[in-house]
Amino acid sequence: MPASVPDKPALEGLETSWGTRWEESGVYRFDRTGVTHDDIYSIDTPPPTASGSLHIGHVFSYTHTDVVARYQRMSGKRVFYPMGWDDNGLPTERRVQNYYGVRCDPSLPYDADFVPPFEGGDNKSTKAADQKPVSRRNFIELCERLTVEDEKQFEAVWRALGLSVDWTQTYRTIGNEALFTSQLAFLRNVERGEAYQAMAPTLWDVTFRTAVAQAELEDKEQPGAYHRLAFEKADGGSVEIETTRPELLAACVALVAHPDDERYKHLFGTTVTTPVFGVEVPIVAHHLAQPDKGAGIAMICTFGDLTDVIWWRELDLPNRAIMGFDGRIIAEAPDVITSEKGLAAYAQLAGKTVFSAKQTIVELLREEGSLIGDPKPIVHPVKFFEKGDKPLEIVSTRQWYIRNGARDEELRAKLLAFGQDLDWHPDFMRVRYENWVGGLSGDWLISRQRFFGVPIPVWYPLDGDGNPVFDQPIVATREMLPVDPSSEPAPGYDASQRGQAGGFIGEVDVMDTWATSSLTPQLAGGWERDEELWNLVFPYSLRPQGQDIIRTWLFSTMLRSTLEYGEKPWTNTTLSGFIVDPDRKKMSKSKGNVVTPADILEKHGSDAVRYWAASSRLGTDAAFDPQNPTQIKIGRRLAIKVLNASKFILGFEVPEGAQITEPLDASMLAQLERVVADASAALAAYDHARALEITESFFWAFCDDYLELVKERAYDEEHEGQASAALALRTALGVLLRLFAPVIPFATEEAWSWFNDGSVHVADWPTVAEFDGLPDGDASLLTLASEALTSIRRAKTDAKASQKTPVAQATIAGTAEQTESLARAASDLKAVGRIDTLTFITAAELAVTDIVLAPADS
């Protein structure tokens, strides 16, 4: 037994001891010397949002990526495996508000001595009135302070999990390098005409006071009601419509019906008058009107929903928006409301919330007699910001956009072609990307009215009256980057000209967090900062990510790469499934069913948790019950068995010049050769679960049957086949440890260190070529011998005898082919079964037909 083998191998403490040694030795360090792009396997690692804590779903998906990284590294690739932190954006702001009890007020001056009211809030929503207002700079400093602390905790979990990340290759989405990269990419978009500013209807979250992009929408079923309203026709009579948003009646610009609807064809081109406000509006035709919905004719308001926006744009209708940024009806009535009655009615709505305004207008309609019947309750989908608590409104704002193919068929075709060329794992996820690209309805809105993000690097000149000239933006120069236009002067101006007539004002909006995250290949790969590194790693080999952000992260990264380089950013993408609770509900913070991983890792060990994660195929949801984590327990049992089996095998010294001479040893190695081929093929196809299943199935049969069959021979140094057994065992151990290494890195590294120099994680991945030179074995022999051993054990059990009971005589029946094959393993069967005389007879199926126990005194 090698001196390095402990008396009692254990999993406890391996994460700390090996984690430290891996870091000190730099075993996972990316070495770029002397290599080309073809020698490198580069990973565009997802940067987790540094706002709170990791959950078990992170452990699940990041383990999948780590298995790939470890396999590729052992296969001879130089693996570029960085880690980033997504630390800008709304989640961070919300966490800072609740953690420190503050809120940002950009009008306040900076306080260099500011101390927050408290630290360590419960991270639940709190009222703005309870939060202390602070300057934007003070607020950003708190964001940076907290994210750094969160990132330290995240890194500790990742290290405990055993991610083979190169920790010298990290980045933040809000650091100076990220600011430079994001702003430079934006300026390139502006130069090529891909980024532009426009005044347009914008989805708006009234709680967070920010614009929301199409990719951030979420439909939620909400109660509502259809209100039937009567619009007066010019020649007498009325047209009745049904609406769920009567509070927007003052914003009505037209009625619309389907062009083929016979009920309304004769009305197209005529006008009606709105109830309560007395405004004349046209009746128009459009194919998006639904004849079978409500009355079949609808009012178009600016703006009740996204369909209103389409009608407004395509029918060239006026804008009479009445909804304010705070979710309340604005004070000033649309110009077309001129009657005393109409203005008085509007005054009753001004300043009210949507809910209150709806109640008021319903009463006004009822008093006038324009409300037909009672409202009919319904439940219908309503658009929300995915992180918001109130329905979105649509307001008119000036925002920045990046062209994304919604109105550019050539660009859309390129994006679809790159999606086809990308290797998806699993492949069925590809359709989600194609559906998203095909269904885009507007360009990508990238500006946000937030504080902790990448500033949009533009200013606007002020005319002689001090009004901004928005259509003549002043863009930053490359040399100025990174820059904050809200605090630094525009090029060609000095600070004293800020806000002065003839001077400038800076853009105060920041970029959507996806506008930065869409550049993770550039951030990690040193684009425009480290040309050598960039050329080595781009295009990347892999983009791993969750299936729920195909439309955001994957698409936006594909878009930026297509615009900047005219090529796709990666060769492969892997999509992990969700973690669901025992009731099959997706785990999420909003549902309150999230399990944090630190306790699970500490209780069961990292190898056990990694085994659970690696047991699930890509794209497949996995159930997790923290009260009964069955699969984790199985993983722990496997890791312990690997240690114990390794110790057992290393107890047999391999004599110099040993060769494989015994048919049973050759059979086992023939089976192992097939395992190597099949597991390698599975991993090459990104099917880590299949590779683990193949390897584990062989391993347990190896321990339960082969070790039992050969251990007597392996112990007997006088036996002519002892050297063959010792060599076969040692050979199998070396192969199995490498096959298991990507999944259970701590146990395999520990066992490998007992008889090897260097790390198993940079050892060569096993190949079938390693079996060249070994005698050809009959792979079926070990299977037959295992079945025979099972029958012998069963016969002893049936005879109520111990398995150690000697057997005077036993007979094994089987086909001629089976018995002829088993005869080559007769000595091992006799030894393990303690059989004195073993005979074989021909029969239709394999069985032990006769067994005679030895007399007790023998």
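Our subject is the structure that appears above.
All values reported here derive from a predicted model rather than from experimental measurement. (Residues numbered from 1 in each chain as written. Predicted model: local features only at pLDDT ≥ 70, side-chain atom pairs only at ≥ 80, totals over all residues. Heavy atoms only, no water.)

S.K.: Hey, could you go over the overall build of the chain for me, with residue numbers and the actual values?
M.R.: Of regular secondary structure, the chain possesses 24 helices and 30 strands. Projected onto the principal axes, the alpha-carbon positions of the chain cover approximately 120 × 65 × 50 Å. For the chain, buried positions account for 54% of its 858 residues. Pairs at least 24 residues apart make up 78% of the contacts formed inside the chain by residues separated by at least 6 positions. Accessible surface for the chain amounts to roughly 36400 Å². Of this, 49% is attributable to carbon and sulfur atoms. Side chains of the chain carry 84 positive and 125 negative charges; the gap between the two charge centres is 4 Å. (Helix = DSSP H or I, 4+ residues; strand = E, 2+ residues; numbered from the N terminus. Buried < 20%, exposed > 50% of the residue type's maximum accessible area, 1.4 Å probe, protein only. Contact = heavy atoms within 4.5 Å. Areas by Shrake-Rupley, 256 points an atom, 1.4 Å probe, with all protein chains shown as cover. Lys, Arg positive; Asp, Glu negative; His and termini not counted. Charge placed at Lys NZ, Arg CZ, Asp CG, Glu CD.)

S.K.: Describe helix α7 (residues 340-349), listing the residues and the values that go with them.
M.R.: Residues of α7 that are buried: Gly-342, Ala-345, Tyr-346 and Leu-349. The buried side chains of α7 occupy one side of the element, clustering within an arc of 100 degrees when seen end-on. Turned more than 90 degrees off the buried face of α7, the exposed positions are Glu-340 and Ala-347. Elements that come into contact with the buried residues of α7 comprise α8 (354-368). (Arc of directions from axis to C-beta.)

S.K.: Explain the state of the cysteines to me, using residue names and the numbers behind them.
M.R.: Tallied over the entire structure, the rule returns zero disulfides. Here Cys-143 stays unpaired: no disulfide links it, and the sulfur of Cys-104, its closest cysteine neighbor, is 8.3 Å away. You can call Cys-143 buried: its relative accessible area is 0%. (Disulfide = S-S within 2.5 Å.)

S.K.: I'd like to hear about the side chain of Ser-42, residue by residue, with values.
M.R.: Its location among the elements puts Ser-42 in strand β1 (residues 40-42). The buried category is assigned to Ser-42, whose relative accessible area is 1%. In terms of polar contacts, Ser-42 uses its side chain to reach the backbone carbonyl oxygen of Val-537, at 2.8 Å. With residues near it in sequence (within four places) discarded, Ser-42 still touches Phe-80, Val-537, Pro-539, Tyr-540, Ser-541 and Leu-542. (Polar contact = N/O pair within 3.5 Å; in protein donor to acceptor, adjacent residues only side chain to side chain.)

S.K.: I'd like a rundown of the sheet that holds strand β17 (residues 423-425), residues and numbers included.
M.R.: The strands making up a sheet associate through hydrogen bonds between their backbones, and the pairing can be parallel or antiparallel. Strand order across the open sheet formed by three strands is β17-β25-β24, with parallel pairing between neighbours. Looking along the sheet, the strands with just one partner apiece sit at the ends: β17 and β24 (540-546). The mean angle between the axes of side-by-side strands here comes to 20 degrees, regardless of whether they run parallel or antiparallel. With six bridges joining them, β24 and strand β25 (residues 570-576) adopt parallel strand pairing. Opposite Pro-544, over in β25, you have Thr-574 as the bridge partner. (Pairing = 2+ DSSP bridges. Axes fitted to C-alpha atoms, helices over the stretch in contact; angles between N-to-C directions.)

S.K.: Go over the pairing of strand β10 (residues 238-243) with me, naming the residues and quoting the values.
M.R.: Looking along a regular strand, one sees the side chains alternate between the two faces of the sheet. As defined by bridge partners, strand β9 (residues 217-233) adjoins β10 across six bridges and the pair is classed as antiparallel. Among the inter-strand pairings, His-227 is bridged to a residue of β10, identified as Thr-243.

S.K.: An account of the environment of Leu-288 is needed here, citing residue identities and associated values.
M.R.: With respect to the element layout, Leu-288 can be found in the loop between β13 (280-285) and β14 (297-301). Relative accessible area serves as the criterion here: at 34%, Leu-288 is assigned to the partly exposed category. Along the backbone, Leu-288 and Trp-311 are 23 residues apart, and their C-alpha atoms lie at a distance of 8.3 Å. The residues touching Leu-288, leaving out its near neighbours within four places in the chain, are Thr-307, Ile-310 and Trp-311.

S.K.: Can you break down the packing of helix α16 (residues 606-614) against helix α17 (residues 630-650) residue by residue, with the values?
M.R.: Packing of α16 against α17 leaves a shortest axis separation of 7 Å and a crossing angle of 125 degrees. Put simply, α16 runs oblique to α17. The element α16 and its partner α17 pack so that their crossing is right-handed. Within the contact between the two elements, α16 uses Asp-607, Ala-608, Val-609, Tyr-611 and Trp-612 and α17 uses Gln-631, Ile-632, Ile-634, Gly-635, Arg-636, Leu-638 and Ala-639. Looking at the contact of α16 with α17 residue by residue, the classes come out as eight nonpolar, two polar and two charged. (Parallel < 35°, antiparallel > 145°, perpendicular 65-115°, else oblique. Left-handed = near helix turned anticlockwise from the far one by under 90°. Nonpolar A, V, L, I, M, F, W, Y, C, P; charged D, E, K, R; others polar.)

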